[in-house]
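# Commentary on secondary and tertiary structure
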Amino acid sequence: MSWLLLALQVILSVVLLVAATEKLLRSEEFFAALRLSHLPAGSIAPIGVAVPLLELMLALALLLAPAQWLPLAFAAAALVLGAFTAWMGWVRVQRLRVRCGCFGPGGGYVGPGTIGRNLLLLVLALAGAVLADQTRSPLPGPSLAMAVTVTSLGACLALLVALRTAWPHLIL
């Protein structure tokens, strides 16, 4: 079961890192999605800044948290994913045509597919919270070496996402 827990840690961490990177690289699209969903005007800027930062923090926490804090990291990820899913449901109920803004322009419009994807991620986060409470992750405990390794791998992944995004505009 510890390997299943590790898989959940890595999957959710990568998803959150990619989502945060895309939101930061294409912040205007993310802010547009928030505006088009008729959120109160005063909440758009704080949400637009807080969400990618929260996703980055959770991506790191899922890999670096000490064993006793790992269930809390999964629970926090589940709360965030639950909030995203509720927002998508609200957008869908209002019959608004809004791009998700989750993974840049490729995220698609809010609909059954994006809501289903979020529900699956929410289930994975909840399963991780339960599993983290029952078993230990095979990852070594937090250390400077582990923090540097995870942060470096995350930065490399973020750079690859940025390169993929910028590729059509590069002059080689």
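Here is a short report on the structure shown in this document. Computed from a predicted model, the values in this text were never measured in an experiment. (Residues numbered from 1 in each chain as written. Predicted model: local features only at pLDDT ≥ 70, side-chain atom pairs only at ≥ 80, totals over all residues. Heavy atoms only, no water.)

### Considering the overall build of the chain
Each helix and strand in the chain was counted, giving six helices and zero strands. When the helices and strands of the chain are placed in sequence order, the string is α-α-α-α-α-α. Taken against the 2.2 N^0.38 rule, which gives 16 Å for 172 residues, the C-alpha radius of gyration of the chain at 17 Å falls within 12% of a compact globule. With respect to the principal axes defined by its C-alpha atoms, the chain has extents near 45 × 45 × 30 Å. Burial statistics for the chain: of 172 residues in total, 40% are counted as buried. In the chain, the proportion of contacts linking residues at least 24 apart, taken out of those at least 6 apart, comes to 71%. Considering the chain, the positive charge centre built from 10 side chains and the negative charge centre built from 5 side chains are found 8 Å apart. (Helix = DSSP H or I, 4+ residues; strand = E, 2+ residues; numbered from the N terminus. Rg over C-alpha atoms; globule rule 2.2 N^0.38 Å. Buried < 20%, exposed > 50% of the residue type's maximum accessible area, 1.4 Å probe, protein only. Contact = heavy atoms within 4.5 Å. Lys, Arg positive; Asp, Glu negative; His and termini not counted. Charge placed at Lys NZ, Arg CZ, Asp CG, Glu CD.)

### Section: helix α2 (residues 27-36)
Working note: α-helix, 3.6 residues per turn, so residues spaced by three or four point in the same direction. If you check which residues of α2 are buried, you get Phe30, Ala33 and Leu34. End-on, the buried residues of α2 take up no more than an arc of 100°, which puts them together on one face. Contacts made by the buried residues of α2 are with α1 (2-25), α3 (41-64) and α4 (70-93). Two residues or fewer past α2, His38 is found with a positive phi of approximately 65°. (Arc of directions from axis to C-beta.)

### Regarding the environment of Leu39
With respect to the helices, strands and loops of the structure, Leu39 is situated in the loop between α2 and α3. The spatial distance from the C-alpha of Leu39 to the C-alpha of Leu121 is 24 Å, given a sequence separation of 82 residues. With sequence-adjacent residues up to four places away left out, Leu39 is seen in contact with Leu34, Ile44, Ile47 and Trp87.

### Section: the packing of aromatic side chains
To describe a pair of aromatic rings, one takes the distance between the centres and the angle between the planes. Applying the stated criterion across every chain, the model contains one aromatic pair. Just above the ring of Tyr109 sits the side chain of Arg97; from NZ or CZ to the centre is 3.8 Å. (Phe/Tyr/Trp six-rings, centres within 6.5 Å; stacked < 30°, edge-to-face > 60°. Lys NZ or Arg CZ within 6 Å of the ring centre and 35° of its normal.)

### Considerations on the nonpolar core
Judged by nonpolar contacts, the single largest core of 26 residues is most densely connected at Leu12, Phe74 and Leu81. Sorting the residues of this core by element identifies α1, α2, α3, α4 and α5 (112-134) as the ones contributing at least two each. The element best represented in this core is α4, accounting for eight residues. Apart from the residues within four sequence positions on either side, Leu81 is in contact with Leu12, Asn118, Leu121, Leu122 and Ala125. Listed in part, the ten residues of the second largest apolar core include Ala33, Met88, Cys102 and Ile115. (Core = buried A, V, L, I, M, F, W, Y, C linked by side-chain atoms within 4.5 Å.)

### Notes on the packing of α1 against helix α6 (residues 144-166)
It is the contact of α1 with α6, at a shortest axis distance of 10 Å, that shows an interaxial angle of 45°. Our classification of the angle between α1 and α6 gives oblique. The handedness of the crossing between α1 and α6 comes out as right-handed. Seen from α1, the contacting residues are Val14, Leu17, Val18, Thr21, Glu22 and Leu25; seen from α6, they are Gly154, Leu157, Ala158, Val161, Ala162, Arg164 and Thr165. Taken together, the residues of the contact of α1 with α6 sort by class into eight nonpolar, three polar and two charged. (Axes fitted to C-alpha atoms, helices over the stretch in contact; angles between N-to-C directions. Parallel < 35°, antiparallel > 145°, perpendicular 65-115°, else oblique. Left-handed = near helix turned anticlockwise from the far one by under 90°. Nonpolar A, V, L, I, M, F, W, Y, C, P; charged D, E, K, R; others polar.)

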